[in-house]
Amino acid sequence: MASSARNSNFAERRGKASRSFKRGVHVFTRRRSWFVNKMAQFGFENDIHSILKLDMPITNAPMARWQRKASSSSTSAGLSGLSPGNSTNVSLSSSKTPTRTPGKGKKTPSKMGGDRFIPIRNNKQMDVANFLLTKENEPVDATNTVSAESQKVWSVTLNGYNIEDAKILHLGGKPLNAPEGYQNNLKVLYSQVTTPASLKKTRYISPTPERILDAPDLRNDFYLNLLDWSSQNVLAVALHNSVYLWNATQGDILLLMKLENEEDYICSLSWTKEGSYLAVGTSDCKVQLWDVENQKRLRSMASHTARVGSLSWNDHILSSGSRSGHIHHHDVRVANHHIATLAGHSQEVCGLRWSPDGRYLASGGNDNLVCLWPRVQEGSSGGRFGRLIRSWSEHQGAVKALAWCPWQTNILASGGGTSDRHIRIWNVNTGSCISSLDTQSQISSLVFAPNYNELVSAHGYAHNNVVIWKYPSLTKVAELNGHESRVLNLILSPDNSTVATVAGDETIRLWKSFEMDPAKKKAKERVVQSAGGVIRNSIR
Amino acid sequence: MTSTLKGVTLKGSAELVADFFSFGINSILYQRGIYPPETFTKASHYDMSLHITTDAKLKNYLTNVVSQLKEWLFECTVQKLVLVITCLETNEVLERWQFDIECDKSAKESSAPREKSLKTIQDEIRSVIRQITATVTFLPLLETPCAFDLLVYTDKDLVVPEKWEESGPQIIDQSEEVRLRSFTTSIHKVDSMVAYKRTNSV
């Protein structure tokens, strides 16, 4: 038998071992003493088999896998003899490496007994177990607050508010509805609207006057109004006691009249709307009416007690203001011309203007007041003394500059003298001051220029210039400098393209600042007509 | 109303905010076309012209709400004011204007007026109302006849006055929200925003 041969070898070795017992090889002898040993040569085999607990030892067949595993675990357990934890590691590693030849793997016999079961503990399971164990010890906190937070958030999301904090109320009763069948027509907002043609953006305002006329002997008196431009394009200027007419179209000059008395002087001039008659106010308290075409004086109306420094026409009614502070209405058609007296000022009336629609008369005086008077009620019994609508006292200086806005009804602009220097815009219906602007200079005249929606002001002390302001923003557009002395009067040409100014330096300067080319002018007229429709469809 | 004192008191602040709501609600009703424009007239306030209704019943209703609001503002118990616009037939909420009110409760204890110029407050209010007007450009058209309702968010423990009932928040589902400007009187702070139903057309 091969095994016996082998055993015999072993036996021989045994024998050697037993012989070397004395040398202190304990292992074998201890083993020996443990196991029942029938045959010496089978001793080792018996050992193995007893460990394996096999019914019958399979003599020389290789060990079954499970046997091998069982034996290897037991041997390794015997090998280390350390703590169970370590032994498992060792067993794991050893079980992973299957032993090929049982003989070679089993050189060292197992230490432990065969009847002990050592479980294989998977490392992972240990980790899991550890985790579970430690987890149970964690305090169960923060769940309560978390849920409260989330609850609050849910409540806000669902209800729109935190139920705990607020409640919603509404006023009971049927909610009010619009009348039946009402449908809002906001849809109109998005309908096509013809865009108005854009105005010329680039506009050149020349810093120099287009023309300078000589005005010798001009009276340098702030309170007089010695310049007017007729609708027939004739410029009238009063030089001391003479009235000269300059035809702007042809350029020729005509001496219309001259006062008889050398000491008297002309205080004011005003053309009628048609431009065929000129009213002249004099220092001898009279108002003369001249027919320009025939160069004849039609009337000389006496009613004032002091010089007539301001005049304004309203169809057939001529209003005159004098140094006495009184304003007289004259109906020039009838013999008894003086039909009404307006006593509102305590000092010289230097500014007088009827509104374009003839409903209001604005007067400004040296007493810093701006007064508003209604249209003349002719034929009424109480017409002798006019009734004042309202007066404004905001100006701190003499108000000579007055102008009505031609494109916006009920807008009056007034300018104050040296101590005031402000332009004020008034709404005569409500009586409120819409805006006020400090111009830093005495204002002697104001005119609205409709071509570009501007307001033009003439200044005396200290700038002696003409300023163009954008209306209604009142931002400065341009300054026209050139006069060497205070500008006394400012007047707009009938075609609205030029302003003429007369100053204490005895010159009349013509500034062509509001020119519009004909194409744009036509477009503007078209816009004015279609503006009615646009306004209706605009955003509310 | 113009306060002659330099500062703003709690009472004055409540009045300012209530006035703002009165004009603001009127403006919204006019701008969104809930009521015919002929029933509105112009009033001048905050240096601008505003639309207010002339319809007697509506005026009465608004006066009631605003006066109650003023009380609540004075007591610092109101948190929000919401104007809800619903479709008349389907009762679906189409638009929701929400004004959040934050009240500085410390003003209740001290009666000293706060330093904030009336002009600044009016300027802020003016810009909010202008913004409300401007929202017309992007809010979707209200094509169907609409009804409106006013909701007030108050503190939970408030005593409900008679004629007032509890209500739901009337939220719009699928809404677009736009935050508008806010103004503060240094005692009350009002934030505004509008939410409208998202329209299908992009």
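Residues numbered from 1 in each chain as written. Chains lettered and ligands numbered in written order. Predicted model: local features only at pLDDT ≥ 70, side-chain atom pairs only at ≥ 80, totals over all residues. Heavy atoms only, no water.

- Going by what an unreviewed UniProt entry lists, chain B is known as Mitotic spindle assembly checkpoint protein MAD2A and is assigned to Fundulus heteroclitus.
- In its Subcellular location (unreviewed entry) section, UniProt records this for chain B: "Nucleus". (UniProt positions renumbered as here; feature names shortened; annotations may be inferred.)

### Notes on unusual backbone geometry
Consideration 1: Cis rather than trans, the peptide bond between Tyr461(A) and Ala462(A) has omega equal to 15°.
Consideration 2: Looking at the secondary structure, you find Ala462(A) in the loop between strand 24 (454-459) and strand 25 (466-470).
Consideration 3: Although it is not a glycine, Asn368(A) sits at a positive phi angle of roughly 70°.
Consideration 4: Structurally, Asn368(A) can be placed in the loop between strand 16 (360-365) and strand 17 (370-374).
Consideration 5: Notably, Gln170(B) is not glycine yet its phi reads approximately 55°, a positive angle. (Helix = DSSP H or I, 4+ residues; strand = E, 2+ residues; numbered from the N terminus.)

### Structural notes on helix 4 (residues 118-134) of chain B
Residues and elements named next belong to chain B.
Consideration 1: Counted at 1.5 Å a residue, the expected span for helix 4 with its 17 residues is 24 Å, and the 24 Å between its end C-alpha atoms agrees.
Consideration 2: Looking at helix 4, one finds that the buried residues are Leu118, Ile121, Gln122, Ile125, Arg126, Val128, Ile129 and Ile132. What you see down the axis of helix 4 is that its buried residues fit within an arc of 165°, all on one side.
Consideration 3: Looking at the buried side of helix 4, the elements it contacts are helix 1 (10-31), strand 2 (48-53), strand 4 (93-103), strand 7 (175-184) and strand 8 (188-197). (Expected span 1.5 Å × (residues − 1). Buried < 20%, exposed > 50% of the residue type's maximum accessible area, 1.4 Å probe, protein only. Arc of directions from axis to C-beta. Contact = heavy atoms within 4.5 Å.)

### Focus: the environment of Ile121(B)
Residue and element names in this part refer to chain B.
Consideration 1: Here Ile121 is to be found in helix 4.
Consideration 2: Sequence separation between Ile121 and Tyr46 is 75 residues; the distance between their C-alpha atoms is 9.6 Å.
Consideration 3: Among residues more than four places away in sequence, those in contact with Ile121 are Val8, Leu16, Lys116, Thr184 and Thr185.

### Quick notes on the nonpolar core
Consideration 1: Phe20(B), Phe21(B), Leu29(B), Trp97(B) and Leu150(B) are the most contacted members of the largest nonpolar core, which has 56 residues in total.
Consideration 2: With eleven residues, the top contributor of residues to this core is helix 1 of chain B.
Consideration 3: Grouped together as the second largest cluster of nonpolar side chains are 34 residues, Leu235(A), Leu269(A), Leu278(A) and Val292(A) included. (Core = buried A, V, L, I, M, F, W, Y, C linked by side-chain atoms within 4.5 Å.)

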